[in-house]
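Spelled out from the first residue to the last, the chains are:
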Amino acid sequence: MDVAFETDRVSVVFGGRRALDAVSLRIGADEAVAVVGRSGAGKTTLLRLASASVLPTEGGVEVFGEPLAEISMRQLQTLRRRLATVPQDGALVGELRVLENLLAAHPHRQRWWHLLRDSLWPPPSEVLRAHGLLESLGVGDTLYLPTGSLSGGEAQRVAVARALFRRPGLLLADEPVASVDPTRAEEVLALMLDSQRRRGGATVVSLHQPEFASAFFDRVVGLRDGRVVFDTSPTELGAEDWAALYRGSQAGGEAS
Amino acid sequence: MSEAMSPIRRLHRHRPRRPFVRGSATLMLVTVVAVWWGGGLWSAPTPGVARWENLRRFLTELRPYPLQGRDWDLGLAWEWWSERIGPVVVEASLSTLALAVVAVAAAAAGGWLVSVVAARPLGWKDPFLRPSRSRGMRVLTAVPRYATRGGLVLLRGIPVYVWAFLLLGIMGIGAWTAVVALAIHNAGILGRLFAEGIENLPPATAQRARAEGAARSALWVWTLRPQLEARSWIYVFYRFETCVRESTVLGLLGLNSLGWFIQDARAGQRLDEMWAFVLLGSGIIVASDLMSHEIRTRLRRSSQSQSSAASLP
Amino acid sequence: MIWVGGLVAVAMASTYLGLGADLPWRHLRWEQGREFLAAALHPTLVSEETHRSLFADLVQALRGTVVFAVAGMSLALPLGLLLGLGAWDGWWRESRSPLLRGLGRILRSSARTLAAALRSVHELLWAMLWLSAWGLSPFAAVLAIALPYAGILAKVFTELADEAPRRPYQALREGGASQAAALRWGLLPQVGADFSAYAFYRFECALRSAAILGFFGFPTAGYYISLAFENLHYRELWTFLYLLLAMAAVMESWSGRLRLESRRCG
C-alpha cells in the first residue's frame with residue numbers, strides 16, 4: 001500500500017506545552033481518516049505537520065514517502081503542491097473574488113504569465129471547472145462575488161471547493177463543516193470524500209461530530225492531550241471509546 | 001462548452017463592479033501613454049554631443065576645487081572644507097530647521113482653530129446630536145463651514161514655493177516671509193486633517209457628553225481634544241518632515257535657509273560647493289525624518305490609534 | 001512632556017530667527033499687497049501687455065504641468081514598487097538557510113537606504129543637479145520628479161506591506177505557491193487599495209511639484225506665474241493661480257470619490 005502521510009513518534013512542543021506526544025500514524029494513499037478529539041487535543045497540529053507548517057520537535061514526518069526534514073525548500077514546495085488544506089480560518093483572501101481565490105490555489109498556474117492571464121482573462125476551462133465545483137457545493141452563484149462578502153457557511157464551502165480544485169493527493173481539512181448546518185454538512189463531507197475516492201486521493205479530516213466520523217470514514221483516530229487514544233475502523237468503536245475521549249470535559253462540548 | 005459557459009456569463013455580467021475606479025484607472029493609463037507618445041518630451045534643444053560634454057564637465061567639477069585634476073589629498077580637502085563649507089554649516093542647518101519648527105507650530109495652531117469651524121457635527125444646532133430642524137438655519141450654519149473649507153483649499157492648493165515667491169514681493173526678504181509661506185500652506189493641510197479627524201471620531205462619546213448637557217466649548221475641551229490629541233501630534237510631526245524638506249529649498253528664492261547657499265554656489269559656478277550643500281541638506285532631512293519617525297512610532301504605540309501611512313495626505 | 005518639548009523648541013527657533021525683533025508688518029509693502037489682493041477679484045483672460053488672449057498660455061501651462069507630473073509618476077511608480085517590495089519584511093523570513101536570510105537582510109537594508117537617499121533631496125534640487133549636468137531638457141524635470149517620488153513611494157509601500165496581515169501570503173506559500181503567485185494573490189489584494197490611494201495622493205503632489213519646476217524655466221504653470229509676477233501683472237497672475245487651485249480642487253474631489261468607491265468591496 002502506498003503511504004500518503006506518515007508520522008513516526010512525533011512530538012511537538014509549543015512553549016513548554018506538548019501539543020503532540022509520540023504520535024505514530026500511517027495513512028494510505030486512498031484512505032479517508034477522521035481525527036476526533038476535544039479542542040486542544042492536537043488535531044490541528046497533526047494536520048499542519050503534513051505541509052511542514054509545523055515542524056516536529058522530535059520524530060519524523062514523511063509525505064508521499066519523502067522525509068520532510070531532509071528535503072530542500074524547492075522539493076518541499078513541489079511536494080506541497082500535491083496537498084490541499086482547508087484550515088479553520090478558511091485561508092481565503094477576502095479582497096479577491098471567489099473565482100480568483102480558486103485560481104490562486106491552482107498548483108500549476110504559478111508562473112508570471114499565468115498570473116497575468118488569470119488576472120485579466122482566465123482560461124474558460126478552469127472557470128468552468130471552478131463553477132462546477134462551487135455548484136456541486138451549493139455556492140455556484142458566488143463565483144464572481146468578493147469573498148469577503150460571503151457568510152460563514154458559504155465561505156467554508158468555498159474553502160472546500162478551493163481545496164478540491166487543486167485535485168490533491170492528500171486533502172487535509174480542519175473542521176471543514178463547523179459552521180455549516182447539519183444537512184448541508186453531510187452533503188459537503190460526502191462530496192469531499194467521494195471526489196477524493198474517485199480520484200484515488202487520501203483525506204484526513206478533523207471533526208467534532210462522532211456521528212459523521214462513523215458514517216463517512218474508513219478509519220477514526222481519537223486524540224486526547226496529544227496522544228492517540230484509539231485508531232480503528234468506526235464499526236469497532238463503542239460508546240466507552242468515545243467516553244474515554246471526552247471524559248472530564250465540560251458539558252461534553254468543545255467550543256470552536 | 002459555450003452552452004455550459006452561459007450561466008457563468010450571466011454571473012459575470014452581474015458581478016459587483018466599480019465603474020468609477022475602473023474608469024479612473026483606464027484614464028490614467030491612457031494619459032500615461034499619451035504623455036510619453038505626444039507630450040513633447042523627446043524634443044531636445046541641446047545636441048547630444050554637447051550633453052555628454054556637459055555631463056563629463058559636471059562630474060569633474062563635483063570634486064573639491066583644489067583637488068580637481070590631481071590625486072586625493074586629505075590635507076587639501078580639509079583646507080577646502082574648513083574654508084568654504086565648514087563655517088556656514090551650522091548657520092545653514094539651524095536656520096533651515098528653525099524655519100520648519102516655527103512654521104509647523106504656527107500651522108498646527110491655525111489648523112486647530114479653523115478645524116473647529118470646519119468640522120460638520122460641531123456646527124450643528126445641537127452638536128453631534130442633530131442638525132438644525134429648519135432648512136434655512138441648516139443652510140445658514142453651513143455657510144461658515146463651507147467658507148472655511150474653501151479657504152483651506154485655497155491655502156493648500158498653492159504650493160509653499162509659490163506662496164514664498166508671492167510673499168517675497170509683498171513682505172520683502174526676511175524670516176517672516178518664509179515662516180508665513182510654510183505656515184499657510186500647512187495650515188490648509190492640517191486644518192483639513194483635524195476637521196476630518198473630528199468628523200471621523202466614533203460619535204458615541206461626544207453624543208453622551210452632549211446629552212448630559214455639555215456646552216460646545218466643554219465638548220471640545222473634555223471630549224474631542226483628548227481623543228484627537230495623539231493623532232494630531234502624529235500629523236504635526238509628519239508635516240514637520242515635509243516642512244524641513246520645503247524649507248531647504250526656500251533659500252533658492254533668496255530667503256535665509258540652506259537653499260541660499262546652494263543658489264549662491266550655483267550662481268558662482270562652484271559646483272563642488274553646491275554639491276556639498278545638497279549633501280548637507282539631504283543629511284538634515286534624513287536626520288529630522290529619523291527623529292520624527294521615532295516620535296511618531298512612540299505616539300502611535302501609546303495611543304493605539306491606528307492610522308496607516310495611506311491615510312496621511 | 002511633548003508639549004513642553006514643543007514649546008521650548010518653538011521658542012528657541014523663533015529667537016534664533018529673530019522673529020520677535022523683526023516684526024512682519026515693518027517691511028510690508030501695503031500698496032503692492034493691496035493691488036495683489038484686489039486683482040484676485042479680477043482675473044483676466046487677456047494679456048495685460050500685448051492684449052492677446054491668454055487661452056493658449058493657459059492650455060500650455062496645464063498641459064506642461066500634467067505632462068511632467070504624469071511622466072514623472074509613471075517612472076516613480078515602478079521604481080517605488082521595486083524598492084518598496086524589495087525592502088518588505090516577508091521575503092526572507094521563510095528561507096531555511098541562514099546565508100540566504102542574511103543576504104536578504106542586506107538587500108532589504110540597501111533598498112531602504114537607497115530609497116532614503118532618493119527622497120532626501122528635494123525635487124527642485126534634483127532639477128538643479130540635472131540641469132547642471134545635462135542641460136535644459138524635459139528629462140531633467142521628469143527625473144527631478146521621478147527620483148524623490150520613487151523614494152517616498154518606496155518608503156510608504158514598505159510600511160503598508162509590513163503592516164498588512166501576512167497570513168494569506170504564508171498560507172499560499174505553505175500550499176506550494178511560487179513567490180510570484182503568493183505575492184499576486186496573497187499580498188497584492190491586501191495592500192492594493194492602500195497602495196493606489198497613496199500613489200494617487202502622490203500624483204496630486206507631483207502636479208504641484210511640476211508646477212513649481214516652471215520657476216526653473218520648464219513650460220509649466222510656475223513659469224507663467226513667475227513671469228506675470230515679475231512684470232507686476234497681478235490680474236494675469238491670478239488667472240494662473242486659479243488654474244493651480246482648480247487643479248488642486250479637481251484632484252481632491254477625484255481622490256475623495258475614489259477612496260469612497262474603492263472601500264466598497266469588489
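Residues numbered from 1 in each chain as written. Chains lettered and ligands numbered in written order. Predicted model: local features only at pLDDT ≥ 70, side-chain atom pairs only at ≥ 80, totals over all residues. Heavy atoms only, no water.

Undergrad: Lay out the overall build of chain B with the relevant residues and their values.
TA: Check the secondary structure of chain B and you find eleven helices and zero strands. Shown N-terminal to C-terminal, the secondary structure of chain B runs as helices and strands in the order α-α-α-α-α-α-α-α-α-α-α. Relative to the globule expectation of 20 Å for 313 residues, the C-alpha radius of gyration of chain B, 27 Å, shows a markedly less compact shape. When its C-alpha atoms are laid out on the principal axes, chain B stretches across 80 × 70 × 40 Å. Relative to its full complement of 313 residues, chain B shows a buried share of 47%. Nonlocal contacts in chain B, meaning residues at least 24 apart in sequence, comprise 70% of its contacts between residues at least 6 apart. Of the roughly 15,500 Å² that chain B leaves accessible, carbon and sulfur atoms contribute 63%. Chain B carries 36 positive and 20 negative side-chain charges, and their two centres are separated by 20 Å. (Helix = DSSP H or I, 4+ residues; strand = E, 2+ residues; numbered from the N terminus. Rg over C-alpha atoms; globule rule 2.2 N^0.38 Å. Buried < 20%, exposed > 50% of the residue type's maximum accessible area, 1.4 Å probe, protein only. Contact = heavy atoms within 4.5 Å. Areas by Shrake-Rupley, 256 points an atom, 1.4 Å probe, with all protein chains shown as cover. Lys, Arg positive; Asp, Glu negative; His and termini not counted. Charge placed at Lys NZ, Arg CZ, Asp CG, Glu CD.)

Undergrad: Kindly report on the packing of aromatic side chains, identifying the contributing residues and their values.
TA: What the rule picks out here adds up to 29 aromatic pairs over all chains. Ring centres 5.2 Å apart and planes at 90° place the aromatic pair Tyr161 of chain B and Phe215 of chain C in the edge-to-face group. Here the residue Tyr161 of chain B occupies a position in helix α6 (residues 160-171), and Phe215 of chain C occupies one in the loop between α9 (179-213) and α10 (221-230), the pair thus bridging two chains. As far as the burial class goes, Tyr161 of chain B and Phe215 of chain C line up, both buried. Between Phe68 of chain C and Phe218 of chain C the ring centres are 5.7 Å apart and the planes differ by 70°, which places this aromatic pair in the edge-to-face class. Of the two residues, Phe68 of chain C is situated in helix α3 (residues 55-86) and Phe218 of chain C in the loop between α9 and α10; the sequence distance between them amounts to 150 residues. As far as burial versus exposure is concerned, Phe68 of chain C and Phe218 of chain C are alike and both buried. Looking at Arg129 of chain A, its charged tip hangs above the ring of Phe165 of chain A, at a distance of 4.2 Å from the centre. (Phe/Tyr/Trp six-rings, centres within 6.5 Å; stacked < 30°, edge-to-face > 60°. Lys NZ or Arg CZ within 6 Å of the ring centre and 35° of its normal.)

Undergrad: Pulling in residues and values, what's your account of the environment of Leu145 of chain A?
TA: On the secondary structure map, Leu145 of chain A appears in the loop between α5 (124-136) and α6 (152-165). A relative accessible area of 28% means that Leu145 of chain A is categorised as partly exposed. Residues Leu145 of chain A and Ala243 of chain A lie 98 residues apart in sequence; the distance between their C-alpha atoms is 44 Å. Setting aside residues no more than four positions away along its own chain, Leu145 of chain A makes contact with Leu96, Arg97, Val98 and Leu150 of chain A together with Pro16 of chain B.

Undergrad: Give a description of the confidence of the model for chain B that names residues and reports values.
TA: Residues and elements named next belong to chain B. Chain-level pLDDT for chain B is 85 on average; 95% of the residues reach the 70-or-more range. Per-element confidence in chain B ranges from a low mean pLDDT of 82 for helix α3 (residues 48-61) to a high of 93 for helix α2 (residues 19-38). Predicted confidence for residues 305-313 stays below pLDDT 50, and this span has 25 contacts to residues more than four positions away or in other chains. (pLDDT = per-residue confidence, 0-100.)

Undergrad: Outline the interface of chain C and chain B, supporting the account with residue identities and numerical values.
TA: Taken together, the contact between chain C and chain B spans 79 residues of the former and 87 residues of the latter. Summed over both partners, the interface of chain C with chain B comes to about 7,300 Å²; 72% of that surface belongs to carbon and sulfur atoms. Where chain C packs against chain B, one counts five salt bridges. We note a salt bridge from Asp289 of chain B to Arg119 of chain C, for which the minimum N-O separation is 3.9 Å. Here chain C and chain B share 13 residue pairs in polar contact (both at pLDDT 80 or more) between them. Element by element, the count of residues in the side of chain C that touches chain B is highest for helix α11 (residues 234-263) of chain C, at twelve residues. Within the side of chain C that touches chain B, the residues separate by chemical class into 51 nonpolar, 13 polar and 15 charged. (Buried area = accessible area lost by both parts, 1.4 Å probe. Salt bridge = Lys/Arg side-chain N within 4 Å of Asp/Glu carboxyl O. Polar contact = N/O pair within 3.5 Å; in protein donor to acceptor, adjacent residues only side chain to side chain. Nonpolar A, V, L, I, M, F, W, Y, C, P; charged D, E, K, R; others polar.)

Undergrad: Explain the nonpolar core to me, and be specific about the residues and the numbers.
TA: The nonpolar side chains of soluble globular proteins are, as a tendency, buried together. Judged by nonpolar contacts, the single largest core of 172 residues is most densely connected at Tyr161, Leu252 and Ile262 of chain B together with Phe36, Phe216, Leu237 and Leu241 of chain C. Not counting residues up to four positions away in its chain, the partners in contact with Tyr161 of chain B are Val249, Leu250, Leu252 and Leu253 of chain B together with Leu124, Ile212, Phe215 and Phe216 of chain C. Residues Val177, Leu193, Phe212 and Leu237 of chain A belong to the second largest nonpolar core, which totals 49 residues. (Core = buried A, V, L, I, M, F, W, Y, C linked by side-chain atoms within 4.5 Å.)

Undergrad: So what about the environment of Pro210 of chain A? Which residues, and what values?
TA: Residue and element names in this part refer to chain A. Turning to its location among the elements, Pro210 is positioned in helix α8 (residues 210-216). By relative accessible area, which is 28% here, Pro210 ends up partly exposed. A C-alpha to C-alpha distance of 7.6 Å links Pro210 and Val36, two positions 174 residues apart in sequence.

Undergrad: Summarise the sheet that holds strand β2 (residues 17-28) of chain A; cite the residues concerned and give the values.
TA: Residue and element names in this part refer to chain A. Read from one edge to the other, the open sheet built from four strands follows the order β2-β1-β4-β5, with strand pairing classed as antiparallel. What marks the edges here is a single partner per strand, and that holds for β2 and β5 (66-67). With five bridges connecting them, strand β1 (residues 3-14) and strand β4 (residues 58-63) associate as antiparallel partners. Residue Ser11 lies in a different strand from β4, and its bridge partner there is Glu58. Each of β1, β2 and β4 is contacted by helix α1 (residues 43-50), which is oriented at about 125° to β1, the strand it contacts most. (Pairing = 2+ DSSP bridges. Axes fitted to C-alpha atoms, helices over the stretch in contact; angles between N-to-C directions.)

Undergrad: Outline the pattern of salt bridges, listing residues and values.
TA: Across all of its chains, the model carries 30 salt bridges over all chains by this definition. The closest approach of N and O atoms between Arg192 of chain B and Glu252 of chain C, which form a salt bridge, is 3.6 Å. Linking Arg192 of chain B in helix α7 (residues 175-200) with Glu252 of chain C in helix α11, this pair reaches from one chain into another. Exposure remark for Arg192 of chain B: the relative accessible area of 17% places this residue in the buried category. Where Arg112 of chain C meets Asp162 of chain C, a salt bridge forms, and the shortest distance between an N and an O atom there is 3.3 Å. One end of the pair, Arg112 of chain C, is in helix α5 (residues 98-119); the other, Asp162 of chain C, is in helix α7 (residues 138-163), and 50 residues separate them in sequence. The partly exposed category is assigned to Arg112 of chain C, whose relative accessible area is 38%. For Asp162 of chain C, a relative accessible area of 24% translates into the label partly exposed.

Undergrad: Please provide a residue-by-residue account of the interface of chain C and chain A, values included.
TA: By a widespread convention, an interface's size corresponds to the accessible area lost as its parts come together. With 19 residues of chain C in contact, the opposing surface of chain A contributes 27 residues. Contact between chain C and chain A buries roughly 2,100 Å² in total, counting both sides, with carbon and sulfur atoms accounting for 53%. Put simply, chain C and chain A have zero salt bridges between them. In this structure, the connection of chain C to chain A is made through nine residue pairs in polar contact (both at pLDDT 80 or more). Secondary-structure elements contributing two or more residues to the side of chain C that touches chain A are α8 (167-174) and α9 of chain C. Looking at side-chain class alone, the side of chain C that touches chain A contains nine nonpolar, five polar and five charged residues.

Undergrad: How would you sum up the side chain of Arg119 of chain C? Please name residues and give values.
TA: Tracing the sequence through the fold places Arg119 of chain C in helix α5. Excluding anything up to four places from it in sequence, Arg119 of chain C contacts Arg245 and Asp289 of chain B together with Pro148, Gly151, Ile152 and Lys155 of chain C.

Undergrad: Please set out a negative patch on the surface residue by residue, giving values where relevant.
TA: Among the surface-exposed residues, Asp71, Asp73, Glu79 and Glu83 of chain B lie close enough to one another that they form a single negatively charged patch. According to the relative accessible area criterion, Glu79 of chain B is partly exposed, its value standing at 48%. (Patch = residues over 30% accessible without salt bridge, like charges linked within 9 Å, V, L, I, M, F, W, Y side chains within 5 Å.)

Undergrad: Can you explain α8 of chain C? Please cite residues and give values.
TA: All names here are of chain C. Across the eight residues of α8, six count as buried, placing the element largely inside the fold. Those residues of α8 that sit buried are Pro168, Tyr169, Ala171, Leu172, Arg173 and Glu174. At the exit of α8 stands Gly176, carrying a positive phi of roughly 90°.

Undergrad: How would you summarise α7 of chain B if you had to cite specific residues and measurements?
TA: Note: α-helices contain 3.6 residues per turn, so residues at a spacing of three or four share the same orientation. The terminal C-alpha atoms of α7 of chain B, which comprises 26 residues, lie 37 Å apart, in line with the 38 Å expected from a rise of 1.5 Å per residue. Buried residues dominate α7 of chain B, accounting for 20 of its 26 residues. (Expected span 1.5 Å × (residues − 1).)

Undergrad: So what's going on with the sheet that holds strand β7 (residues 170-174) of chain A? Which residues, and what values?
TA: Residues and elements named next belong to chain A. In spatial order, the strands read β6-β7-β8-β3-β9-β10; together these six strands make up an open sheet with mixed pairing. Every interior strand has two partners, whereas the edge strands, β6 (83-86) and β10 (227-232), have only one. The average undirected angle you get between the axes of adjacent strands in this sheet is 15°. As judged from the five bridges shared by strand β9 (residues 219-224) and β10, these two strands associate in the antiparallel manner. In the sheet register, Arg224 faces β10, and the bridge partner there is Arg227. Its contacts with the sheet put helix α9 (residues 239-246) on β3 (32-36), β9 and β10, and the angle it makes with β9 is roughly 35°.

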